[in-house]
Amino acid sequence: MTTPLLQVEHLGQRYRLPRPSLLTPAPELVALDDVSFTLQAGRSLGIVGESGSGKSTLARLVMALERPSHGRVVFDGQDLHTLDAVALRRARAGFQMVFQDPFGALDPRRTVGQTVAEPLALVGVADAAERNTRCDEALEAVGLRASDAAKYPHEFSGGQRQRIAIARALITRPRLIVADEPVSALDVSVQAQVLNLLQDLQERYGLTYLFISHDLAVVDLVCDEVLVLQHGHCVEQGPADTVLRSPQHAYTRRLLAALSSPISGGAESAAGIPGP
């Protein structure tokens, strides 16, 4: 069997909270507890759950932005949390992140070209001509123009700004993209465009997605598999068709019941999103 691109093994994260008094021990918040999964190259895994379920904590640990309390994140055969700073910076070329708020993720003082090309400097691409060429390619890949590199974020709509954020994630030519609620801040019609773009990019470049969302209908549209988190615990996981149409756990059934339309009619109708 093919070795997974991403292996998450018994991952957990605990945060120490402020002491209520000098004489009492500091309490702990368990944000994530014993979560495991694998993700094959070219596939998409949706991580779903309500606010506070541990989705964003999981995303930060997979991106090696935090060190876990226990467990491992193995990307392309490397345990990310055992790498030194130089090796981790080199490994980051293979995995990038797209955030929820496209405007907040872009520096308003920097041009689009400077923002999109920034990851190249961090992974050691020093040649200015190569950075410019790859920036142009990334912008055109997401449906923008190379000339847009000279503009600033405020000159674009919300959907266009998310395209810029996706271009920045693409520029290192990663194998994995962690998308943390990438369309939740957008209008429904714009959501459809961005989701279709993500699917097109996956097909074109063989991308692997870890897709964080509270919207099960959106996950049904873009993901092959689903993992459901509740209070930091994995309560259900499996193929998207199975989990979303024949859920076994009461929490999953409750999430599905909260949708405005039944998901059995298809993600497009449930989310009001047209198909590709």
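Just so it is clear, the model here is predicted, and its values are computed rather than measured.

### Brief notes about the nonpolar core
Now for step 1: Core analysis: the largest hydrophobic core is formed by 51 residues, its most contacted members being V116, I166, L201 and F211.
Now for step 2: If you look at the next biggest cluster of nonpolar residues, it comprises 31 residues, including L5, L45, L80 and L88.

### Looking at the pattern of salt bridges
Now for step 1: Evaluated as defined, the whole model comprises 15 salt bridges.
Now for step 2: Here E28 and R14 are joined by a salt bridge, their closest N and O atoms 3.7 Å apart. Highlighted residues: E28 in strand β2 (residues 28–39) and R14 in strand β1 (residues 6–16), separated in sequence by 14 residues.
Now for step 3: Given the relative accessible area of 44%, E28 is considered partly exposed.
Now for step 4: Residues D241 and R245 are paired through a salt bridge, measuring 3.2 Å at the closest nitrogen-oxygen approach. Separated by four residues within a single helix, D241 and R245 lie in helix α8 (residues 240–245), roughly one turn from each other.
Now for step 5: Shared partners join several salt bridges into a network, and the residues in it are E9, R72 and D79.

### Considering the pairing of strand β4 (residues 70–75)
Successive side chains on a regular strand alternate, one facing one side of the sheet and the next facing the other.
Now for step 1: Relative to β4, β1 is paired through five bridges, and the arrangement is antiparallel. Looking across to β4, one finds that V8 is bridged to V73.
Now for step 2: Summarising the sheet, β4 and strand β5 (residues 78–79) pair through two bridges and their orientation is antiparallel. Looking across to β5, one finds that V74 is bridged to D79.

### Points about the packing of helix α3 (residues 112–122) against helix α5 (residues 158–170)
Now for step 1: The contact between α3 and α5 brings their axes to 7 Å, and the two run at 35 degrees. Along this stretch, α3 crosses α5, giving a crossing that reads as right-handed. Contact with α3, carried on its side by V112, T115, V116 and P119, involves I164, A167 and R168 of α5 and no other residues of that element.
Now for step 2: Counted by class, the contact of α3 with α5 contains five nonpolar, one polar and one charged residues.

### Observations concerning the confidence of the model for the protein chain
Now for step 1: Within the protein chain, residue pLDDT values average 89, and 93% of them lie at 70 or more.
Now for step 2: Throughout residues 265–276 the model reports pLDDT below 50, and contacts reaching past four residues in sequence, or to other chains, amount to 29 contacts.

### Considering the sheet that holds strand β6 (residues 95–98)
Now for step 1: Here six strands make up an open sheet; going across it, the order is β6-β7-β8-β3-β9-β10 and the pairing mixed. Two strands in the sheet have a free side with no partner beyond their single neighbour: β6 and β10 (233–239). Across the sheet, the mean angle separating the axes of adjacent strands is 15 degrees when strand polarity is ignored.
Now for step 2: The pairing of β6 with strand β7 (residues 176–180) spans four bridges and is classified as parallel. Its bridge partner lying in β7, M97 is registered against V178.
Now for step 3: Here α5 sits on the sheet and contacts β6 and β7; the angle it forms with β6, its principal contact strand, is near 170 degrees.

### Description of the packing of α5 against helix α6 (residues 188–205)
Now for step 1: The N-to-C vectors of α5 and α6 enclose an angle of 20 degrees; their axes lie 10 Å apart at closest approach. The pairing of α5 with α6 is recorded here as roughly parallel in orientation. Seen from above, α5 lies across α6 with right-handed handedness. Between α5, through G159, Q162, R163, I166 and L170, and α6, the contact on the second element is made entirely by V190, Q193, V194, L197, L198, L201 and Y205.

### Focus on the environment of E137
Now for step 1: Tracing the backbone through its elements, the reader meets E137 in helix α4 (residues 128–141).
Now for step 2: With 41 residues separating them in the primary sequence, E137 and V178 have C-alpha atoms 21 Å apart.

### Considering the side chain of R168
Now for step 1: Assignment of secondary structure puts R168 in helix α5.
Now for step 2: E118 provides the closest opposite charge to the buried, unpaired R168, separated from it by 4.5 Å.
Now for step 3: Those residues in contact with R168 that lie beyond four places of it in its chain are A105, L106, T115, V116 and P119.

### A few points about the packing of aromatic side chains
The geometry of an aromatic ring pair comes down to the distance between the two centres and the angle between the two planes.
Now for step 1: According to the stated counting rule, one finds one aromatic pair in the structure shown.
Now for step 2: Between the aromatic rings of F75 and F95, the centroid separation amounts to 5.2 Å while the plane-to-plane angle is 65 degrees, which identifies the pairing as edge-to-face. Of this pair, F75 sits in strand β4 while F95 sits in strand β6, and the two are 20 residues apart along the sequence. For the pair F75 and F95, one class covers both residues: buried.

Cut-offs used in this document
- Residues numbered from 1 in each chain as written.
- Predicted model: local features only at pLDDT ≥ 70, side-chain atom pairs only at ≥ 80, totals over all residues.
- Heavy atoms only, no water.
- Core = buried A, V, L, I, M, F, W, Y, C linked by side-chain atoms within 4.5 Å.
- Buried < 20%, exposed > 50% of the residue type's maximum accessible area, 1.4 Å probe, protein only.
- Salt bridge = Lys/Arg side-chain N within 4 Å of Asp/Glu carboxyl O.
- Helix = DSSP H or I, 4+ residues; strand = E, 2+ residues; numbered from the N terminus.
- Pairing = 2+ DSSP bridges.
- Axes fitted to C-alpha atoms, helices over the stretch in contact; angles between N-to-C directions.
- Left-handed = near helix turned anticlockwise from the far one by under 90°.
- Contact = heavy atoms within 4.5 Å.
- Nonpolar A, V, L, I, M, F, W, Y, C, P; charged D, E, K, R; others polar.
- pLDDT = per-residue confidence, 0-100.
- Parallel < 35°, antiparallel > 145°, perpendicular 65-115°, else oblique.
- Lys, Arg positive; Asp, Glu negative; His and termini not counted.
- Phe/Tyr/Trp six-rings, centres within 6.5 Å; stacked < 30°, edge-to-face > 60°.

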